[in-house]
Amino acid sequence: MNKRLLSLALRLLILAALCAGGWFAWGHWQKARVKPLEDRYQIEEASRGDIVQTVTANGTLNPVVLVNVGTQVSGTVQKLHADFNDKVEKGQILLELDPTLFRAAVEQSRGNVGQAQAALKLAQANEKRMRELLAREYVTRQDHDQAVQAREAAESQLRTANGQVTRDTANVNNSVIRSPVSGVIVSRQVDLGQTVAASFQTPTLFQIAQDLSRMQINTNVAEADIGKVRVDQAVGFTVDAFPGRKFEGRIRQIRLNPIIQQNVVTYNVVVAVDNPELILLPGMTAYISVQVDQRSGVLVVPTAALRFRPRDNGAPGAAAPKTPKADGRDGRKPAGPRVHVIRGDTLVPIPIKVGLSDGKFIEVTEGELKPGDRIAVQNRVTDAPPGAAPGGGGGQRMRAF
């Protein structure tokens, strides 16, 4: 009897030990299965810093005064006196067209003038003769009036011929293209032997920048940002030709004429730029930045924290928390800005009010958030292969202020 009780007690003891071991193993497996919050989410800390709000846009550098030199007459380019980058003075000859046809037209017009002068002399003599005969009543009044009309017609014909001479002489002069201003040639669009045709639209032969030490940036600013910029506001910009170097300018004009493309409204903003080194060239792309507002020593969080939505609420086996639809189609008002803060081993959504943003960070104006609170910014990739970086490479830490 004692042996049977002892055997039963031993069996019960072994069973209890197995149950305890199984329970311990199951709990350890559960803890290993549920990863810490730091492994499942990218975490940042709320801190105090500075926020600088800017308006950015792209534009093109151009000379303040860019003169297009054309031609009023058609012809073949016979001589070229200027080329790219040449400095020219006002009145300097740039090119000459073949003047042969123009000079021939002048000679022909002068011949017409001679004929008109001879016809006028004859008409004047006839009128004088008719006046004398009319006094003697040898001719009628009608004959005299016809002689007067012939003289007046001859005078008109002479004026027409003189006008033709003047026009043809001007065409000869216009076959020599001169610079209308002093400056630098930035474009030459004709070559020796090329035929240029002046019809309804004057062809452009040269483009002359009057002063490359004074440039301007023509850029388009979106209608959402145009109210934040103003005339004489400081502008910083960069160009691809000089990476790492920042240039400065000032807004000279905000043009009122809207530019509408695919229902997107922008406004042309002109930025005045000094170019004393002459290193900024026409046509360069400028990336401008206008500082429109600033906050110092304010509580800031990454803007990504406002877009973050957790896969679950941080508790083992818990389902993802439901969030109202942004458009309110579920019958509730759209949720306002909020961030998810670590409280123990869970994520707690905290509503906040926001202010300025520089694109990466945003100011927190109201809410229970405090400096040092740990905020979830991004879901990490949990099924990544061994050795892969969690979060798909999005683990950039918050900047120090």
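Structure: above.
Residues numbered from 1 in each chain as written. Predicted model: local features only at pLDDT ≥ 70, side-chain atom pairs only at ≥ 80, totals over all residues. Heavy atoms only, no water.

A. Layout of the packing of aromatic side chains. Applying the stated rule across the entire model yields 3 aromatic pairs. Considering the side-chain rings of Phe237 and Phe247, the 5.5 Å spacing of their centres and the 25 degrees angle between planes classify their relative orientation as stacked. Taken as a pair, Phe237 in strand E12 (residues 234-239) and Phe247 in strand E13 (residues 247-261) lie far apart in primary sequence, 10 residues in all. Judged on exposure class, the residue Phe237 and its partner Phe247 are both buried. (Phe/Tyr/Trp six-rings, centres within 6.5 Å; stacked < 30°, edge-to-face > 60°. Helix = DSSP H or I, 4+ residues; strand = E, 2+ residues; numbered from the N terminus. Buried < 20%, exposed > 50% of the residue type's maximum accessible area, 1.4 Å probe, protein only.)

B. Representation of the sheet that holds strand E8 (residues 183-188) within the structure. Read across the open sheet, the 4 strands follow the order E3-E10-E8-E5; overall the sheet is antiparallel. Each edge of the open sheet is held by one strand with a lone partner, namely strand E3 (66-70) and strand E5 (87-88). In this sheet, E8 lies alongside E5 in antiparallel orientation, the contact comprising 2 bridges. Across the sheet, residue Lys87 finds its bridge partner in E8, namely Val184. (Pairing = 2+ DSSP bridges.)

C. View of the sheet that holds strand E9 (residues 195-196). Strand order in this open sheet of 4 strands is E7-E6-E4-E9, and the pairing throughout is antiparallel. Two strands lie at the open edges of the sheet, namely strand E7 (176-178) and E9, each paired on one side alone. Relative to strand E6 (residues 93-97), strand E4 (residues 75-80) runs antiparallel, the two being bridged by 3 bridges. Paired with Lys79 across the strands is Glu96, a residue of E6.

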